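Tertiary structure, described
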Amino acid sequence: MMGFFGSARTAATLFPDLTDREREVLGLIAQAEGNEAIAATLGLSLKTVRNHVSSILGKLQVADRAQAAIRAREAGLG
């Protein structure tokens with residue numbers, strides 16, 4: 001049991017290239033939230049959310065938000 005908890009990793013260690021805000025956005029993408037819902041939840045403009053999503057896709061080297069959501073869910077986000 002100690003091995004299980006000792007090997008637990010945080011989102012920051014799983015996605016070290018992402019900023020804290022980008023990890024928040026990625027978590028919401030993993031929950032199948034759209035840009036409008038993410039903007040409302042985080043109190044951001046829609047343009048800012050689109051910029052974060054674009055940055056996330058580039059940093060994760062994925063083609064679309066579906067692939068980003070899969071990576072996030074596999075890592076335990078969402």
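Residues numbered from 1 in each chain as written. Predicted model: local features only at pLDDT ≥ 70, side-chain atom pairs only at ≥ 80, totals over all residues. Heavy atoms only, no water.

Take the nonpolar core next. Membership of the largest hydrophobic core comes to 20 residues, with the highest contact counts inside it found for Val-25, Leu-26, Ile-29, Ile-38, Ile-56 and Leu-60. Ignoring anything within four residues of it in the chain, the contact list for Val-25 reads Ile-38, Leu-42, His-52, Val-53 and Ile-56. (Core = buried A, V, L, I, M, F, W, Y, C linked by side-chain atoms within 4.5 Å. Buried < 20%, exposed > 50% of the residue type's maximum accessible area, 1.4 Å probe, protein only. Contact = heavy atoms within 4.5 Å.)

What follows covers unusual backbone geometry. Excluding glycine, most residues fall at negative phi; most peptide bonds, likewise, are trans. For Ala-32, which is not a glycine, the phi torsion comes out positive at approximately 65°. Secondary-structure assignment places Ala-32 in the loop between helix H3 (20–30) and helix H4 (35–42). Overall, the relative accessible area of 63% leaves Ala-32 in the exposed class. A positive phi angle is found at Gln-61, which is not glycine, with a value near 55°. Note that Gln-61 resides in the loop between helix H5 (46–60) and helix H6 (65–74). (Helix = DSSP H or I, 4+ residues; strand = E, 2+ residues; numbered from the N terminus.)

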